[in-house]
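# Summary of structural features
Here is how the chains run, residue by residue.
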Amino acid sequence: RAYVANGAQGLKIYDLFGTPALQGTMKDAFSATRIAVADRVSVLTGAHAASNTARLQVVDTTDPSAPAVVGELPTTVTAAGILDVAVNQSGTRAVTAMGATGLWVVDLANPTAPARRSVLDTAGVAFAVVLNESGSLAYVADGSGGLKIVSLVSPSAPVQLGSLALSGIQRDIALQGGIAYLADQ
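We now turn to the structure provided with this report. Values in this document were obtained by computation on a predicted structure and should not be read as measured data.

So, how was this worked out
Residues numbered from 1 in each chain as written. Predicted model: local features only at pLDDT ≥ 70, side-chain atom pairs only at ≥ 80, totals over all residues. Heavy atoms only, no water. Core = buried A, V, L, I, M, F, W, Y, C linked by side-chain atoms within 4.5 Å. Buried < 20%, exposed > 50% of the residue type's maximum accessible area, 1.4 Å probe, protein only. Helix = DSSP H or I, 4+ residues; strand = E, 2+ residues; numbered from the N terminus. Contact = heavy atoms within 4.5 Å. Pairing = 2+ DSSP bridges. Axes fitted to C-alpha atoms, helices over the stretch in contact; angles between N-to-C directions. Polar contact = N/O pair within 3.5 Å; in protein donor to acceptor, adjacent residues only side chain to side chain.

### Some words on the nonpolar core
Within the largest apolar cluster, 16 residues are counted, with the highest numbers of intra-cluster contacts made by Val43, Leu56, Val87, Ala94, Val106 and Leu108. Of all the elements in the fold, those that place two or more residues in this core are β5 (41-48), β6 (53-60), β8 (84-87) and β10 (103-107). Tallying contributions element by element places β6 first for this core, with three residues. In this view, Val87 contacts Ala36, Val37, Ala38, Val43, Arg93, Ala94, Leu108 and Leu131; residues no more than four positions away in its chain are not counted. Val95, Ala97, Val140 and Val150 belong to the second largest nonpolar core, which has 13 residues in total.

This is the structure in structure tokens:
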């Protein structure tokens, strides 16, 4: 399947088996700009149209033909404030890259009531974030601050374990087999 955060069109889910086809959609007063997918939930971030503020939505995607919002975390952050989102495999924790504010760790254990557990300010501008397989480490593309590695073992008190100074502005990151791949501006 392909899960697409499609701006004002909301969430679109495509079946990629055989001929690709639209399988399900979900649209409300929310402009989805980022998505992270776990086993039964997707986490969308974007802008709430009426308030022009950033928002995180938890979407039940158990039935891909009928995705439904089950929880929301409204913020007072400007609409462009959440730059990226990652979710652990079980869908119980999300981490958002919040630009100059750093990282937010969001508890999704009760998907109907997502709650910000903690904030970790990073030295640069947190543009992107990925989690390792167990969800215990976050890797952050931190703009001119390079790469940051953050322990999430205690979600209410994340700790920076290490960093790597790099030239340029790190804007995106992927993780495969313990190797981090960064995109520089």
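### Some thoughts on the sheet that holds strand β11 (residues 115-120)
In space, the four strands of this open sheet follow the order β8-β9-β10-β11, with antiparallel pairing throughout. If you trace the sheet from one side to the other, it starts and ends with β8 and β11, each paired once. Going across the sheet, the axis of each strand differs from the next one's by a mean of 20 degrees, ignoring polarity. Two elements, β10 and β11, share five bridges in a ladder whose sense is antiparallel. When the bridges of β11 are listed, Asp107 appears paired with Ala115.

### Here we look at the sheet that holds strand β7 (residues 68-78)
Spatially, four strands are ordered β4-β5-β6-β7 in an open sheet, and the strand pairing comes out antiparallel. On the outer flanks of this sheet lie β4 (30-37) and β7, each paired with one strand and no other. Across the sheet, the axes of successive neighbouring strands diverge by a mean angle of 25 degrees, strand direction being ignored. For β5 and β6, the ladder comprises eight bridges, and the chain directions are antiparallel. Residue pairing across strands places Thr45 opposite Leu56, the latter belonging to β6.

### Re the environment of Arg171
Summarising the element assignment, Arg171 is placed in strand β16 (residues 170-176). For Arg171, a relative accessible area of 37% corresponds to the partly exposed category. The spatial distance from the C-alpha of Arg171 to the C-alpha of Thr62 is 32 Å, given a sequence separation of 109 residues. Dropping the residues within four chain positions of it, Arg171 is found in contact with Phe127, Ala128, Ala141, Ala183 and Gln185. Here Gln185 takes part through its side chain, which lies 3.1 Å from a polar atom of the side chain of Arg171.

### Section: the side chain of Gln57
Structurally, Gln57 can be placed in strand β6. On the basis of relative accessibility, which here comes to 0%, the residue Gln57 falls in the buried class. Of note is the side chain of Gln57, whose polar atom sits 3.1 Å from the side chain of Asp28. Polar contacts involving the side chain of Gln57 include one to the side chain of Glu72, which spans 2.8 Å. When neighbours within four sequence positions are excluded, Gln57 is seen to be in contact with Met26, Asp28, Phe30, Ser42, Val43, Leu44, Val69, Gly71 and Glu72.

This is a description of form; function is not addressed.
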